[in-house]
Amino acid sequence: MESNPPKIVCFMCNWAFCEEEMHVPYNVNIVRVMCVGRMDPALVLETFANGADGVMLAGCKPPDCHFVDGNLHSERAVKMLKKLLVLTGLGAERVKLLLVSPMEDKGFGYYAKEFSEEIWNLGDCPLKKAELASTIKANIDAAKNAASAFRLRVLLGREEELTEFMNAYGEKISEEEFDALLDEIVEAEFIRYKIYHLTKAKPCSVKELAETMGIKPSAVLRHITNMRRKGMIALDRVEGYTPLYKALEVR
Amino acid sequence: MTEKTLQEVRKLPPCRAACPAHVNVQAYVALIQRGKFKEAVEVIRKDLPFPAICGRVCFSPCEDACARVNLDQAVAVRALKRLVADIEREHGRVSAEPVPKKYSDKVAIIGAGPAGLTAAYELAKLGYPVTVFERMAEPGGMMRYCIPDFRLEKFVVANEIAYIKDLGVEIKTGVEFGKDITIESLKKDGYKAVFIAIGTQLGMRLNVPGEDLEGVVNAVDFLRTIALGKQITIGERVAVIGGGNTAIDAARTVKKLGAKEVMILYRRSREEMPALPHEVELAEKDGIKFHFLVAPKQIIGENGRVKAVECLRMRLGEPDESGRRRPIPIAFSEHQYEVDMVIPALGQVAETSSLPPELLSKEKRGPPVQVDPLTMETNVSGVFAGGDIATGPASIIEAVGAGKRAAVSIHRFLTGQDLRKDRDEEKIEETTWVKDWRLLEKKKRRYDAPIEKPHLSFEEARGYLEKLKQKARFEAFRCLGCGPCAECLASMDLCEGDKAVVDEAKCVGCNVCAVICPVEAIKKNEKGVAQVNEDLCRGCGLCAARCPEQAITMKKLSNEQILAMVSAALKG
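Residues numbered from 1 in each chain as written. Chains lettered and ligands numbered in written order. Predicted model: local features only at pLDDT ≥ 70, side-chain atom pairs only at ≥ 80, totals over all residues. Heavy atoms only, no water.

Participant: Which residues make up the overall build of chain A, and what values do they have?
Facilitator: The number of helices and strands found in chain A is nine helices and seven strands. Referenced to the eigenvectors of the C-alpha coordinate spread, the extents of chain A come out at roughly 70 × 55 × 25 Å. In chain A, which comprises 251 residues, the share counted as buried stands at 56%. Looking at chain A alone, contacts between residues at least 24 apart form 63% of all its contacts between residues at least 6 apart. Entry remark: accessible area of chain A is about 11,200 Å², with carbon and sulfur atoms responsible for 53%. Here chain A holds 33 positive side-chain charges and 37 negative ones, and the gap between their average locations is 8 Å. (Helix = DSSP H or I, 4+ residues; strand = E, 2+ residues; numbered from the N terminus. Buried < 20%, exposed > 50% of the residue type's maximum accessible area, 1.4 Å probe, protein only. Contact = heavy atoms within 4.5 Å. Areas by Shrake-Rupley, 256 points an atom, 1.4 Å probe, with all protein chains shown as cover. Lys, Arg positive; Asp, Glu negative; His and termini not counted. Charge placed at Lys NZ, Arg CZ, Asp CG, Glu CD.)

In structure tokens:
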């Protein structure tokens, strides 16, 4: 175990806990927001990029939300966030959603301490390790872009509509189906932005990209085809028989 | 941000809209949630000078209007109000600063009941020299002399009135209107405006034979005698006639004083009783019997004393103008109840003898003084009237509402403004978002303020109070905050005026924001661009977090602001 306690940022709902009664460990920094649902996954990723070892989202227990279901919206967002964190290499455990009633016996301090210890046991944040820093940093950038992607946010925003009610074709999507769909899209978006960032630095071939990211060349090619259609990437030149791709300055 | 006046805020949550005094319920419940009990009382005092009194005996129209009933039960607003007011008093109230007299026009208020005291309170806050004239030895009116001690303690009333006195209101007791003072004498003494709030003091008569027998005591007189601390002979078997709160109060009082058997005779059924259901339950617990659908035909006496009440059975017919079903007597259904005391509690009427004849209403039915319900002015210039005298017997909170309206009118009258401008009560709009109840799971929690104080040591009492506070906060958390921003001023630094702003150039009209907004404050307009309704927007920022094109930002807590807070936190 290392000597320094981890730096933890807690985004807390304005209505969740009363300041006077909180006993917060000194390594946990509280940032008040109006509702946990306010937390854009991209903002949480940015917080990691800024040097946080762990991020906690604290909100009200489901029936207590001041904004009807803001806390439930955050639940799905955190699911997506965890997936993105796994992809970036930070690990899903570094983010935690805490939906508790302030009236419970255990105060916020208890949960904060518990989370702080969990993070401590995980060890140093990969971002702080010199040999990993640049890769992780690039990954976080890609994840941030992915979290801001139109496709993902529409899906996330319409989650309630799709799972609770129906889509335009009168179909209802089950929670499991929705989660699977979300996972698929998160992964796809992340890989696309990763490719985008890599090719922006220098033109790359499919094989190179597949090697750096550790995925099958066929999958990379599929994404590249898609990105070319969207105008995110273009053929730069052909070296021998290998085409090299370069990102376009669009988004 | 300065607090908006009621004239400016038209959109109110249901509880505040339902309250005759428009007390900012949502705000103080929000403050209780955050554990700010002192501030909560201050918020109540802005609209209502009697937090502790109303916390005990108000009929709580706010709870009836509460949107939470769609889920489980209304938030126990009255109990919360009582608790915060009690905590403030127990901790020792900091006396109010006298308000400097900004105006020189003297105002006379006749009757130190809820209506008169509220008008005095509001006018004193504006800076008028106010004098309240009261016939009885102590101010408080019906609150002091008609509500028994076990429902409303005298020291509570005294404490609330002391607060009004602290503001600089002069209360002259033992002055009878019509005898010691008249409107002319007041005008001569330099009072520029008069507010008559003498209430309805006489118990209504039964109008059956035998009413003058010994042992028939009207409920109002009975309760007043008790409140004055005088002796009164109590019967062994007592019949209370009527179904209002006064009837319940009289019945419970007489039972507590030692009557062996107390019964309440009411001509309609239980559902139509105007008394608070909670009070009825308590009366039943006290062992009071209820006989429904009976009306007295005559009181039978023996040697000048009451021996029995003869009653007729009733059945319920069509609803009358009050909306309750009219009782119709059933022929030949006479029966007798053996009693030695009868307490009629049918309602009150005003003592019209003290009023100048020009004020009296021409109509036989209805209240004795006719006033404009909006401005409270009578047909005599400079004379206003309100409370029970102008509406017929009603409740404390309605009297408070009347007092407040009268205070506004008197202020406008003395400063020469238009009395009616921008004062439409109808314009107050009940606004809630409540979109889909299915999204919220059902959860039962019910909170009742403890009725009796336990006997505890100092250490225990401390823990007990903490527990109570915790319980109250728990209850307050049930509030859905279903109105627009309550302006509780609880967390100004964070939520003050935070509204979503749409960058129209970026918006693609995907409608995600409209789907996600919990309060339906954002909608696509005819141009196909999202538009924020600032009245409804409560600044949660869900739309900003989900907007696919990031076209929505928050005015105050923007993404950049949050990130700045994060980096400040990580550096520190």
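Participant: Please give an account of the nonpolar core that cites residues and values.
Facilitator: Ranked by size, the top nonpolar core spans 76 residues in total, and within it Y28, I32, I53 and I109 of chain B carry the most contacts. If you tally residues by element for this core, the top one is helix α15 (residues 396–414) of chain B, at nine residues. Setting aside its immediate chain neighbours within four residues, Y28 of chain B contacts V23, A40, V43, I44, V77 and K81 of chain B. The next biggest cluster of nonpolar side chains, apart from the first, holds 64 residues, and it includes L81, L85, A147 and L152 of chain A. (Core = buried A, V, L, I, M, F, W, Y, C linked by side-chain atoms within 4.5 Å.)

Participant: Tell me about the sheet that holds strand β2 (residues 106–110) of chain B, and name the residues and values.
Facilitator: Residue and element names in this part refer to chain B. Read from one edge of the open sheet, five strands run β4-β3-β2-β5-β16, paired in parallel fashion. The sheet is open, and its two edges are formed by β4 (170–173) and β16 (383–385), each paired on a single side. Adjacent strand axes in the sheet meet at a mean angle of 20 degrees when their direction is disregarded. Where strand β3 (residues 130–134) lies against β4, four bridges are found, and the strand directions are parallel. (Pairing = 2+ DSSP bridges. Axes fitted to C-alpha atoms, helices over the stretch in contact; angles between N-to-C directions.)

Participant: Which residues make up helix α9 (residues 154–166) of chain B, and what values do they have?
Facilitator: All names here are of chain B. Taking 1.5 Å as the rise per residue, α9 with 13 residues should run 18 Å; its terminal C-alpha atoms sit 18 Å apart, in good agreement. Buried residues of α9: K154, V156, V157, N159, E160, I161, Y163 and I164, and no others. Positive phi shows up at G168, right after α9, with a value of about 110 degrees. (Expected span 1.5 Å × (residues − 1).)

Participant: Before we move on, could you go through the packing of helix α8 (residues 206–213) of chain A against helix α9 (residues 217–230) of chain A and cite the residues and values that matter?
Facilitator: Residues and elements named next belong to chain A. At a closest axis distance of 9 Å, the pairing of α8 and α9 adopts a crossing angle of 115 degrees. Note that α8 runs across α9; the crossing there is right-handed. Facing α8, whose interface residues are V206, L209, A210 and M213, α9 presents P217, V220, L221 and I224. Split into classes, the residues belonging to the contact of α8 with α9 amount to eight nonpolar, no polar and no charged. (Left-handed = near helix turned anticlockwise from the far one by under 90°. Nonpolar A, V, L, I, M, F, W, Y, C, P; charged D, E, K, R; others polar.)

Participant: Any details on the environment of N139 of chain A? Residues and values, ideally.
Facilitator: Residues and elements named next belong to chain A. Topologically, N139 is positioned in helix α4 (residues 130–147). For N139, a relative accessible area of 8% gives the class buried. Among residues more than four places away in sequence, those in contact with N139 are L87, T88, F190 and K194.

Participant: Would you mind going over the interface of chain B and chain A in detail, with residue names and values included?
Facilitator: Each side of the interface is counted separately: chain B has 49 residues, and chain A has 52 residues. For the pair chain B and chain A, the summed buried surface comes to about 4,900 Å²; carbon and sulfur atoms form 61% of the total. Counting the surface chain B buries against chain A, the share from its top three residues, R34, R546 and L570 of chain B, is 16%. Counting across the interface, chain B meets chain A through zero salt bridges. Linking chain B with chain A are eight residue pairs in polar contact (both at pLDDT 80 or more). Of all the secondary-structure elements, those providing two or more residues to the side of chain B that touches chain A are α16 (458–476), α17 (492–495), α18 (512–516), α19 (542–546) and α20 (559–571) of chain B. The element contributing the most residues to the side of chain B that touches chain A is α20 of chain B, with eight residues. Of the residues in the side of chain B that touches chain A, the class split is 28 nonpolar, ten polar and eleven charged. (Buried area = accessible area lost by both parts, 1.4 Å probe. Salt bridge = Lys/Arg side-chain N within 4 Å of Asp/Glu carboxyl O. Polar contact = N/O pair within 3.5 Å; in protein donor to acceptor, adjacent residues only side chain to side chain.)

Participant: Tell me what's going on with the packing of helix α12 (residues 245–256) of chain B against helix α13 (residues 277–285) of chain B, and back it up with residues and numbers.
Facilitator: Residues and elements named next belong to chain B. Viewed as axis vectors pointing N to C, α12 and α13 meet at an angle of 20 degrees, and their least axial separation amounts to 10 Å. Here α12 lies roughly parallel to α13, going by the angle between them. Note that α12 runs across α13; the crossing there is left-handed. For the pair α12 and α13, contact is made by N245, I248, D249 and R252 and by E279, V280, L282 and A283, respectively. (Parallel < 35°, antiparallel > 145°, perpendicular 65-115°, else oblique.)

Participant: Mind laying out the domain arrangement of chain A, listing which residues take part and the relevant values?
Facilitator: All names here are of chain A. Entries for chain A in the domain assignment read domain 1 (8–125) and domain 2 (149–247). Relative placement of domain 1 and domain 2: their C-alpha centres are 28 Å apart. Overall, the association of domain 1 and domain 2 removes approximately 1,200 Å² of surface from exposure, summing both partners, and the carbon and sulfur fraction of that is 61%. Taken as a group, R76, M80 and K83 account for 52% of the area that domain 1 buries against domain 2, more than any other trio of residues on that side. Applying the counting rule to domain 1 against domain 2 returns five salt bridges. (Domains from an automatic or database assignment.)

Participant: Residues and numbers for the environment of E504 of chain B, please.
Facilitator: Residue and element names in this part refer to chain B. Following the sequence through the fold, E504 ends up in the loop between β18 (500–502) and α18. For the pair E504 and I234, spaced 270 residues apart in the sequence, the C-alpha separation amounts to 78 Å. Setting aside anything within four residues of it in sequence, one finds E504 in contact with K527 and V529.

Participant: Describe the pairing of β3 of chain B, with residues and values.
Facilitator: Residues and elements named next belong to chain B. Burial of β3 is extensive: five of the five residues sit out of reach of the surface. Of the two faces of β3, the one lined by V130, V132 and E134 and the one lined by T131 and F133 are each fully buried. Of the pairings in the sheet, the one linking β2 to β3 comprises four bridges and is parallel in character. Across the sheet, I110 pairs through a bridge with F133, a residue of β3.

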